[in-house]
Amino acid sequence: MTQRTLYMLIGPKGAGKTYVGTLVAQNTEIQFIRVESIWLALKPGENGWKKVEQAIDQAFESYPKVMIESLGAGEAFGQFRAALAEKYALKLIRIYAALDTCLYRVKHRNNAEHIPISDDKVEQYNQIAAAVTYDWDLEIDNNTPAPDQDILAAIQTLM
C-alpha cells in the first residue's frame, strides 16, 4: 500500500496558503482541501476539526497525497494534528509573509471563499499564527509573492 502523505500549509491569513494549495493541486497529484470552505458550511453544533478530518479521510480514498491549509495555532489544532499524525505521514509547510502584507491581501481578496472577520481579528489571529513554531519540513517566503515555479520546485523536494 502506498504511504498516505498529508501536507499541511500553515501560516497567517493572507500569507498565500490557498494560492499555494490551489497551485500545487493544479500541477501535481496532490489533492488540495480548502479548510475554510468546510468551516463556512458547518451547521450549529458540528465539530469543525472532525469535519475536516472526515474530508481528509475521504480524499485519501482516491488520492495518496492530500494538502490542507490552517493557521496551525491553538490547542484544538494540536490535538487535530496529533490525531492525523497517527494515521498519515505529515509534512508541515510554513507559508509566511510580513503581517502588514497579509492584512493588505485579506482586505483586497474575494472574501466569499473565506471566513469573514474584522481587520482587528485578522491582526490578532495572524500574530498568533506567525508565532507558531514546528519542526518545518519546508518554509516558503511568500512576501513578494514567490514565483509559481519556485513554489512547485520546493514542494517537489518533499514528494
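You'll find the structure just up there.
Draft legend 1. Broad picture of the environment of Thr157. Of note, Thr157 is situated in the segment after helix H7 (148-156). Expressed as a C-alpha distance, the spacing of Thr157 and Leu138, which sit 19 residues apart in the sequence, is 8.8 Å.

Draft legend 2. Broad picture of the pattern of salt bridges. As enumerated under the stated definition, the model contains nine salt bridges in all. Two residues, Glu69 and Arg34, come together in a salt bridge whose shortest N-O distance is 3.9 Å. You can see Glu69 sitting in strand E3 (residues 65-70) and its partner Arg34 sitting in the loop between strand E2 (31-33) and helix H2 (35-40), a full 35 residues away along the chain. Residue class for Glu69 comes out buried when judged on its relative accessible area of 5%. Looking at Arg34, the relative accessible area reads 17%, which means it is buried. Between Lys107 and Asp119 there is a salt bridge, with its nearest N and O atoms 3.5 Å apart.

Draft legend 3. Local environment of the packing of helix H1 (residues 17-27) against H7. At a minimum axis distance of 10 Å, the contact between H1 and H7 shows a crossing angle of 75 degrees. Taken as axis vectors, H1 and H7 run roughly perpendicular relative to one another. Across the interface between the two elements, Tyr19, Val20, Leu23, Val24 and Asn27 from H1 touch Asp148, Ile151, Leu152 and Ile155 from H7. Looking at the contact of H1 with H7, its residues break down into seven nonpolar, one polar and one charged.

Calculation rules
- Residues numbered from 1 in each chain as written.
- Predicted model: local features only at pLDDT ≥ 70, side-chain atom pairs only at ≥ 80, totals over all residues.
- Heavy atoms only, no water.
- Helix = DSSP H or I, 4+ residues; strand = E, 2+ residues; numbered from the N terminus.
- Salt bridge = Lys/Arg side-chain N within 4 Å of Asp/Glu carboxyl O.
- Buried < 20%, exposed > 50% of the residue type's maximum accessible area, 1.4 Å probe, protein only.
- Axes fitted to C-alpha atoms, helices over the stretch in contact; angles between N-to-C directions.
- Parallel < 35°, antiparallel > 145°, perpendicular 65-115°, else oblique.
- Contact = heavy atoms within 4.5 Å.
- Nonpolar A, V, L, I, M, F, W, Y, C, P; charged D, E, K, R; others polar.

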